[in-house]
Structures are given as C-alpha cells and as structure tokens.
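Each chain is listed here by its residues.
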Amino acid sequence: MDFVQSFRLAAPEILFSLSGLILLLASAWTRSDRGARVITWLTVVVLVIGGAMIAPALANGASGPDTLAFSALFTASAFAAFAKLLIIAAAAASLVVAPAYFQRLGAYRNEYAVLVLFAVLGMCLMVSSTNLLTLYIGLELNSLAAYVLAAFLRNDDRSAEAGLKYFVLGSLASGILLFGISLTYGFAGTIGYDGIAAALTGKISTGAVFGLVFVFAGLAFKISAVPFHMWTPDVYEGSPTPVTTFFASAPKVAALALTVIVAIEAFGNQIAAWQPIVIFAALASIVIGALGAIGQTNLKRLLAYSSINNVGFLLIGLAAATPQGVAGMLVYLAIYTAMTIGGFVAVLMLKDADGNPVESLADIAGLSRHRKVLAACLAMIMFSLAGIPPLFGFWGKFVVFQAAVEAGNIWLAAIGIAASVIGAFYYLKVVKVMYFDEPAMKAVGQSDWMHQALLGLCAVAISPLGYLLTKPLGEMAATAAGVLFIP
Amino acid sequence: MADFPILSVMMLVPLLAAVACLLVEAKAARQIALVATLIDLALGVLLWVNYDIGGAQWQFHENVPLFAGFSWALGIDGIALMLIMLSVFLMPICILASASIEKRVGEYMAAFLLMETLMIGVFAAQDIFLFYIMFEAGLIPMYLIIGIWGGADRIYASYKFFLYTLIGSVLMLIAMLWMVNEAGTTDIPTLMEYNFAPEVQTWLWLAFFASFAVKMPMWPVHTWLPDAHVQAPTAGSVILAGVLLKMGGYGFIRFSLPMFPEASAQFAWLVFALSMVAVIYTSLVALVQNDMKKLIAYSSVAHMAIVTIGLFAFNPQGLEGAMVVMLSHGLVSGALFLCVGVIYDRLHTREIDRYGGLSINMPYYALFFMLFTMASIGLPGTSGFVGEFLSLAGIYQVSSWVALVCTTGIILGAAYMLYLYRRVCFGEQKNADAAAMPDLNRREWWLMAPIAAVVLWMGVYPESFLAPMRADIAVLDARIARAKPESDAQLTAGKPKPANATEHTAHGEAH
C-alpha cells in the first residue's frame, strides 16, 4: 500500500477531520456569538480549501486504479469529486446563512459549524466509498451530526421533536440498510462493490435479492423517496431553517450519489432486479410529493414535499441505468441544489416587523407589492422547480427525461412528465399568493445582506442565463458519470 | 444586411425594454414599452422588405451553438414571416390599449414585452428544443397578466389557462426527445424532411396534437379559452386571440403536417370531426351569450376550426386559406376585443344588454365595429372572406360533407355577430349611461384605424400576404402529397361514375 498516494487522495477528507477536531477544541474555549461567527467563517474557509483540492479530480476526469486509496477502501474519482463539490457548496451556503438566524434567537453556538463540517466529512466518505463498510461509516457520521443539527434549537419544542423523529426513523433506516448489507455480504462473500458485482451476476438467489431490496430501502429513506418519505415534512418544518437548507441540499446530494454508486457499481449486473424498485419509487415520489404539497400551508413543509417530488425526477435518470441517465441526474442535482438553497434562503428572509420568522403561505400574500425583488426571486424558484422553461429547472428535467427516452423508458418518461403537471399546481399557488392576493403585510422585516446576496446568486443561476452553463456542466457530468461505467 | 442578426435583435429589443420597465415608474414604463414595440414593428417591416420572395426557403438564418443539446438557431420562411408581422403589428396596439391599467404598470409592460420576445422566438426558432422553450415560456407572462390584471374571476381563469396548456405540452416534449434521438438532429428544417416510420408517426402525431389542439383550441379542450379571454385585460385578450392561438395552427403547419404526413392523413377524420362539432356547437353557444367577450371567445373557437379543416385538406388552397384565416382572425378578433375594451372602459361592464343604440352617440365607433363584425363574418372585401373561402374551397375537394357543415357554421357566424351588433349598436338607447358615452378619442382612433386598414388591404389585395407564403406552402403541399387522402368529389367531368359512388364517400370520410 502506497501511503503517500493514499494520503494525497484522501487529503481533503483528512483536512476536514483535522480541522473539525481543532475547531471543536477551539469551541470549548470560546463562548460568544463573535467566537461562533469566527468559527463559522473558519469552517467556510476550510470547506473552500477542501473544494479547491477536490476540483482537479473532476477537471482531469480521474478514474481507474489511480484514484484508489487505502487498499481500495476509498476512491477519489471524478464522480466523487462532482458530488463533493456540490456537497461543499451546499454546506458552505447553509453555514453563511446561519449567523443572522441563530443570533436573533440567542442560540448561536460554535458547534453548529463543527457539526456541519463533520457531516460534510461523512458525506465525502459516502460518495467516495468503494465498499459497503466505508459507505456505512460515512452514512452514520453524516447522520449523527444531522440528528444533533435538527435539534439544534434545544429550547424549541418543534426543533427537539424534529431531532427525535429524525433520530428514531433514521436509526430504523440505518438498521434496514445494515441488514441489507449483511445479507449482501453473506451471499456475495465480500463487501467491495467490485466483488459484489462479480459475485452477483445472472440469476441470483432469493436471499441476495432480499439484501438488494433492503439496501435500496435504506437508501430510499436517506433520499426521502416514497414510500420512505414520511419523516421529511416534519423534520424540515421543525428544524431551524438554516439546518433545513442544509438537509434539503447536501445530504440529499450525497445520498443520491451514493444510491447511484451502489446501483451501478455494486449491483450493476442486477439492473433488472433494482430497476422496478427505482421506477416505482420515482413515480410514487413524483405523485405523492405533488399531491402531498397541495394541502400544505407552511412554506417549509411545502418545500419538503417539493424535494420529495424532485427526488422522483432524479430517480428517473437512475432508472435509465445508462451513463447519460447518471449524467442527467448529476446535472439535475446541481440545478436542484441551487433551486433548493434559493428557496430556503428566501424563506429565511421572510420576517415580520419584529424580525420573527414568517413561514406560512397566508402570511406572504401580496408579497410582490412590498418586497418586489424577494417575491420575484421566489416566483422564479417556484417556476423553476415546476420545470417551466425558460428557467433553468427545466433543463434538469429535460436531461433526465432525455436519458429516459434514449434508454427506451418512454412510458416512464411520459407518465412522469404528465405527473409533473400536478406539481405545477402548488408551485403556481405560491406565485398566486404572492402576486394575485391582497397584501397581508406580514413579511415586512428587513433581511440580512448575506441572505440577499446568496438568494441573488441562486436566482441568477436558475434564470435563463443558466443555460449558458449547460455545456460545461454537461461535460463535467458526463465525465463524472462515465467513471462509474468503466468495467 | 446579410450578417445583421435581425431576428435576435427583434427578440432582444423587447427583452431589454422589459427589464427597463421594471426599474422605472408608470409613465416612463408606458413610453418605453411603446417605443420598444414600435422599434420592433419597424424592424418587422424591414424584415418583410428584405425577405426575398422566391428565394431560399429559410432566410435570415442564425445559428450559434450556445447550449448543450440544442442551439440558438433562428430563421424564417414566409409562413413564419407573416406570423411575426402579425405579432409585431399587434403589440404597439396592445400597449396603447392598456391606458386603463392603473396598478403595477411597470410589471404589466414588462410582461407584455417579454411575451413579444417569446412570440417572435416561437415563430423564428429553427431548433426544436428552442421552439419548445419559447412555446412553454409564454405561459409565465400570460399567467401573470391574467392573474394580476384580470377581472373578478381571474385566479380560476389563470390556473385553468396554465394547467390546460401545460398538460398539453409536456407530452409533446417526450415526443420531441424521441424524434431527436431517432433522427439525430434538433434542426427543424432537417426534421421536416425526415421520414419517420408510419407506425411511430401515429404516436408522435398524437403527442403533438395534445399540445396544439389545446393551444388552438379545438373542441372539446377549448374550455380554457372563454375563461381566459373573459378574465384577461383587453390587451391580454388581444394577444391571446391574436397571436397565442396562432401558435397552435403554426405548430400543425410546421410540425404535425410535414413531419408526420401519414399520421396526419390517418387522423384527418378526427380533425374534421372535432372541427365540425366546434364550428356548429361553439357558434350556437356564441349565439346565447350575454357577455361580449365570451361571445367573441367562442367565435374564435369556431374560426380556429375553419383553420384546422383547411390545414388538413391536404391541398394548397386549404393551406393558404388556413394561413389567411389565422392572420385575419388575429387582426379581427383582436380588433373586436379592442371594440369591447373601448366601451368597457366607459361603462365597466361587458353585458350586452347594458348597451344599445351606440350608433347614435358613437357613430365612428359603430362604423369600426361594423367593419370588424363584417370581417368576422367573412364579407367579401374584408380579410375574413379570403381565408374562409380558400379554406372551404380546399376542404370541398376532399369532402363535400365537411364543407357543407362548416359553411353552415359561417352562416351561424353571421347570425351571432349580427345579433351582437344589433343589440349593441342599433335599437333604442335604453340605458342613459350608455347613451351618454363619448365617441372614440384620438388614442382609440390609433387603435382601430391601423387594423381596419390592414383588414381591408388583406380583403382587397390578399396577394401581398399570400406571395411570401406561396412557395413554402407549395413545398409543404409537395411534402404531404404522398399521404393525401382520397377525395370524395372527383371532378372528372363527363364520365359517368359506376353505382358504387356512395361507398366511395364513406371511404373518403373514414380516412
């Protein structure tokens, strides 16, 4: 084993873990808002440095044995790099929006940034995994940090409830996943993805199928695909909004990337076995996500259902089981990250005259009269989530449906896109409330400049200008996706 | 001229003006919008003057490979040229007609200007996905126009408009993806010459039909139109009737017919059946309306049915007729909505019974209204006659029954329009407030007079409008000739036919 090579490949993760430990120690000695802010910004700097270290792997299309570290327990492939960059961007976004939110509640503590950093580390391990054990360690590291983050406002009932729900259901899902892993190990005799793929070819035994199903069920929970989505609205609503921003973006990217890795690398020879599961989860997520959102009156819950809905579209890309499908998913994930961060930042910016957060749909009635720019950005995000051109959200749907059609899943594509019209209904409802209704004059408070800047950035990214990115984004995604399909 | 990207500039001018309108206040926004639309009109005239009739099929070509998977490809033929002219001609009139809009003027003007960009984009797009993006994007500004500045029931109407048209279009996207995957190109002119297998054409045709039939709209998916028209502000109705409905007809002529000739022939009976129902049914519905806008909306559905039968007649007369009906209807129905808008601004009601005897106190208004009523009926000398005559002459060659039924629709059209005109303009001045309304002011003259002039021009000398399209229609006719359905009225003079003529009729209809 070449340690130099291994340490070099895992350098970003090592940086994250060391920085996390140091910042955790530093947190113990600083107990002030100012200290917390400094630690947050230091964490952002660490993330940026880590991102800069990861980026070259994406640019040079890293693949093959050169990317394997620690006796092939870890890979720094282009695919992992693509997912990591999205995760880091999303995590950094949810860090920079946090101070303004927590300070007003007097609940800003140093650990927030450190927990996010550890969660990022866990997610990086997830997407770099080459065997089921690395996968599980990464997933749990991420999950444990996430449970605490959900309950971060410990004096707030809803936050505590969200943390508890997330923990109980998350543990259950981890158990299911672990059970699936053990079955798979039992029948394949190995935990490495390559070995599993080699062992599970042709017709496989019922036990191995069980293992596969349990692994997918556990992963479906993590990506909040129907029928394992029930925790999502409650956790998203109860968690502090910066944390929700984080949950809806970074872990989603990581879990979806992980699902792709497991499906294509470990079970790549059993496509016929998992494809029906993915197709069912995709269509069910699209429909349930859309129908569930219609009755929601809380914006965070609405966005939670929207994220379920979007996972359905992402899975349509995976169901194609082709490099184009996975590339389409990655493009969609990048756009989804921008849309979802923009959406939650817009929610963060809604405050009443006293600065209390405003989250209900009724309270943003007529927002377009007194907060023109904010309303316009939120409307753009809604149209974009609905996939209406010329906004960039359309492109995400376009590429996954294109992949589905190219792979011959025409009926899946037709049903999926027809169901997307149901989703358009509730996105339109938000626009209607903001633009057509009489002003409720609730959300009149000023917003933090950091939030404004981030929302502006997301709005520009999802505006028609985003189409100028289609070429580089498509090429990067194609390179990243191609790595998984090297036999 | 050759290198000047005139189509892109025509799209860019309103777009920039839209952004500017958002930043300034009401009065300035109105001026910016008017100037921008007039610049576009001037550019449109330039486009027409420089269009080489009889030259290359596709002119003013632009192609910049900006995006992954599709490119910024623009270019027009005569058909697109005429529809672009219609759009740029109606836009300044819409802006002028919006004087009664008081709230959120900047956003209103921005929405209209954005609409103009997208309309030009739809007609000029040479890349199938660019077309789709432009086609769909138009939903957003129109949704806002109906929802923010519409009438009392505007929210219901805006939802219905959006969701109806969206569900129609999404299936078309899947069909487009399949076609591009099959043919390996996104270029519309190439796809127009690509021969898809007849059995897949059926499915592709149906997917496109779902979109265009809703947009057109055809019976029974027309129900969004009366709601949207009635609730939209006047200028919104003008654009909706004048240009947006034409996107459906344009879709048939650009996609369904040339790309799927066999399927078009196979489903011609469906189009005929729906059109016949639409002509008769919506005309009868129009006859009993009390709301002026609703009446004109239903008459739009009937006129669009004449367009569809002309399109699927598979001969040059029918195709040319359909195009002229589209252009004429764009002008006339737009003008009729403006006529309604003029008196609505004075009395704030669209109920027919609240008016009466307007020819006494508003003689000029009554004159214009009369002209547009006659054009809508299809009186010779107006634009309506040319189109309807050609369409019906075209369909008569294919099926005398369809021609018979649709001609009946024209008679019904005369009935409801004349009935409307009598109730509004003739008779006693039974309502004092209506009798006190002043005649057209200068601004309203500017709305009416240009349209009236073009309506007469198109009626007296339609050749100006037919000449640019003739070559393209001939190309299309040649393209679809191989699937041409058999006619039931073979005019082989002198030779007595055998006795199985009736069987032959049934055969012709079934296709």
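Reading guide: rules and limits
- Residues numbered from 1 in each chain as written.
- Chains lettered and ligands numbered in written order.
- Predicted model: local features only at pLDDT ≥ 70, side-chain atom pairs only at ≥ 80, totals over all residues.
- Heavy atoms only, no water.
- Contact = heavy atoms within 4.5 Å.
- Buried area = accessible area lost by both parts, 1.4 Å probe.
- Salt bridge = Lys/Arg side-chain N within 4 Å of Asp/Glu carboxyl O.
- Polar contact = N/O pair within 3.5 Å; in protein donor to acceptor, adjacent residues only side chain to side chain.
- Helix = DSSP H or I, 4+ residues; strand = E, 2+ residues; numbered from the N terminus.
- Nonpolar A, V, L, I, M, F, W, Y, C, P; charged D, E, K, R; others polar.
- Phe/Tyr/Trp six-rings, centres within 6.5 Å; stacked < 30°, edge-to-face > 60°.
- Buried < 20%, exposed > 50% of the residue type's maximum accessible area, 1.4 Å probe, protein only.
- Lys, Arg positive; Asp, Glu negative; His and termini not counted.

Caption draft 1: Quick peek at the interface of chain A and chain B. Listed as interface residues are 36 residues of chain A and, on the opposing side, 33 residues of chain B. Summed over both sides, the interface of chain A with chain B buries roughly 3,200 Å², with 79% coming from carbon and sulfur. Taken together, the links from chain A to chain B amount to zero salt bridges. Counting the contacts that link chain A with chain B gives seven residue pairs in polar contact (both at pLDDT 80 or more). At the level of elements, α16 (367-370), α17 (372-386), α18 (393-406), α19 (410-435) and α21 (470-484) of chain A are the ones that each hand at least two residues to the side of chain A that touches chain B. It is α19(A) that contributes the most residues to the side of chain A that touches chain B, 15 residues altogether. In terms of residue class, the side of chain A that touches chain B is made up of 25 nonpolar, four polar and seven charged.

Caption draft 2: Here's a closer look at the packing of aromatic side chains. Residue and element names in this part refer to chain B. Counted by the stated rule, this structure contains 70 aromatic pairs over all chains. Centroid distance Y108 to W149: 5.0 Å. Interplanar angle 85°. Geometry classified as edge-to-face. Of this pair, Y108 sits in helix α4 (residues 105-124) while W149 sits in helix α6 (residues 139-149); the two residues are 41 residues apart in sequence, bridging distant segments of the chain. Ring geometry for W205 against F209: centres 4.7 Å apart, planes inclined by 10°, an arrangement best described as stacked. With W205 and F209 both in helix α9 (residues 198-215) and four residues apart, the pair spans about one turn of that helix. F209 carries the same exposure label as W205, and that label is buried.

Caption draft 3: Structural detail: the side chain of K246(B). Residue and element names in this part refer to chain B. With respect to the helices, strands and loops of the structure, K246 is situated in helix α11 (residues 234-259). For the buried K246, no salt bridge exists, and the shortest N-O distance to an oppositely charged side chain is 12 Å, to E388. Setting aside anything within four residues of it in sequence, one finds K246 in contact with L83, L86, A241, M304, M326, H329 and G330.

Caption draft 4: Spatial organisation of the pattern of salt bridges. Enumeration over the complete set of coordinates arrives at 21 salt bridges over all chains. The shortest N-O distance in the salt bridge between K442(A) and D363(A) comes to 3.1 Å. Here K442(A) is found in the loop between α19 and α20 (449-462), whereas its partner D363(A) is found in the loop between α15 (323-349) and α16, with 79 residues between them in sequence. A relative accessible area of 40% means that K442(A) is categorised as partly exposed. For D291(B), the salt bridge is made with R350(B), and the minimal N-O distance between the two is 3.3 Å. Taken as a pair, D291(B) in the loop between α13 (268-287) and α14 (292-311) and R350(B) in the loop between α15 (316-347) and α16 (358-361) lie far apart in primary sequence, 59 residues in all.

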